[in-house]
Amino acid sequence: LGLSVPAKGVMPNEMQAPLDDFLSYLRVERGLAENTILAYARDLEKFRAFLLQNGWNFAEAGPVGIRKFLLWLEKRGLESRTVARQIASLRNFYRYLRRENRIASNPTENLESPRVWKILPKYLTVEETEQLLGMPPETPLGVRDRAMLEMLYATGLRVSELGSLRVADLNLEAGYVRTLGKGNKQRIVPVGRSALAAVEKYYAGARARLLGGRVSPYLFVNRRGGRLTRQGIWLLLSR
C-alpha cells in the first residue's frame, strides 16, 4: 500500500506470526491445496497492510476496521465476487484466532457478504472443440499440446492437476490417471481412447525430444524439459 512505516507504533512482525500460524494450520491440519493457501495468503496480506496503515492489529480492528477495509476494496472497483472471497478469508482467519484464544471475540460474526450474481459458463460447441483439438501442428510441441488438450477434454482435470501429472500417475493399459486434487484428495480418473492415443504418441517420441536427454518425473514438459506451469498451459490454450 506504499507504506514503509506503520502508524501508531504497530509493528509488522507482531502481525506476521498469526498469519503464518493460520496458513500452517490450513496446510497441515486442513490439508488444503497450495493454490488455495496462496489465495488466503494474498487476501490476508492485503488486510494486514491496510491495518498497518491505520495503526491497528488484528485484535484492535474490530467490526469497524473490517468494514472500513471492505469499503476501501469497493472504492478500488473490485467486483462483488472478489469482495465476497475476501470476506470468506477474513471469516476463516478470525474463527481460527478466536479458537486459539488470540482474540476475545470474532468481529466477522455479523458480517454480510455482497450478493454475487451467478454467471453461466461459456462453452465450446462440438464443432469448435474438434477444431481446437485439430489445431496443434505435427511438431514435438504440437504433439504435446494435442495430448494435453485431449486429456483436458476427456477427463475434466483442472489445469493445475494436468501440469502436476507424473509419468507414474498414468496407466495406459488400464486407461486411467491418478491425480491429486483439492484438499490433497487423490482420485482415479478414466481416460477415453482418443486421449490415450494422443498421450501415447506424445510419450513415445515428442516428450523425449523436448527433454533432450534430461530426466523429469512429470508427464508434460516444456521446451526446456521443465515442468509446465498453470500459467504456461493457459498461454498455450489462449494461443
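Reading the values: the criteria
Residues numbered from 1 in each chain as written. Predicted model: local features only at pLDDT ≥ 70, side-chain atom pairs only at ≥ 80, totals over all residues. Heavy atoms only, no water. Helix = DSSP H or I, 4+ residues; strand = E, 2+ residues; numbered from the N terminus. Buried < 20%, exposed > 50% of the residue type's maximum accessible area, 1.4 Å probe, protein only. Polar contact = N/O pair within 3.5 Å; in protein donor to acceptor, adjacent residues only side chain to side chain. Core = buried A, V, L, I, M, F, W, Y, C linked by side-chain atoms within 4.5 Å. Contact = heavy atoms within 4.5 Å. 1 Å grid on protein atoms, 1.4 Å probe; cavity = no way out; pocket = protein on both sides within 12 Å on 5 of 7 lines; lining within 4 Å. Points joined across faces, edges and corners; volume = space filled by probe spheres on them. Nonpolar A, V, L, I, M, F, W, Y, C, P; charged D, E, K, R; others polar.

(A) Seen up close, the side chain of Arg48. On the secondary structure map, Arg48 appears in helix H2 (residues 34–54). Since its relative accessible area comes to 11%, Arg48 is described here as buried. Here the side chain of Arg48 touches Glu45 through a polar contact of 3.1 Å, side chain to side chain.

(B) Fine view of the nonpolar core. Core analysis: the largest hydrophobic core is formed by 30 residues, its most contacted members being Phe22, Phe47, Phe58, Leu70 and Tyr94. Residue contacts for Tyr94: discarding those within four places in its chain leaves Phe47, Phe58, Ala61, Ile66, Ile103, Asn106, Pro107 and Thr108. With 27 residues, the next largest nonpolar core counts Met151, Leu170, Val191 and Phe220 among its residues.

(C) Looking closely at the layout of surface pockets. The volume enclosed by the largest pocket comes to roughly 890 Å³. Looking at the largest pocket, it is lined by 34 residues, and the ones nearest its centre are Ala33, Glu34, Asn35, Ser160 and Leu180. When contributions to the lining of the largest pocket are tallied by element, the ones reaching two or more residues are H2, helix H4 (80–99), helix H7 (159–164) and strand S2 (176–180). Ranked by residue count, the leading element in the lining of the largest pocket is H2, at six residues. Taken as a whole, the second largest pocket spans an internal volume of roughly 460 Å³. For the second largest pocket, the lining is made up of 21 residues, of which Arg144, Asp145, Leu235, Leu236 and Arg239 are closest to its centre. Looking at side-chain class alone, the lining of the second largest pocket contains 10 nonpolar, five polar and six charged residues.

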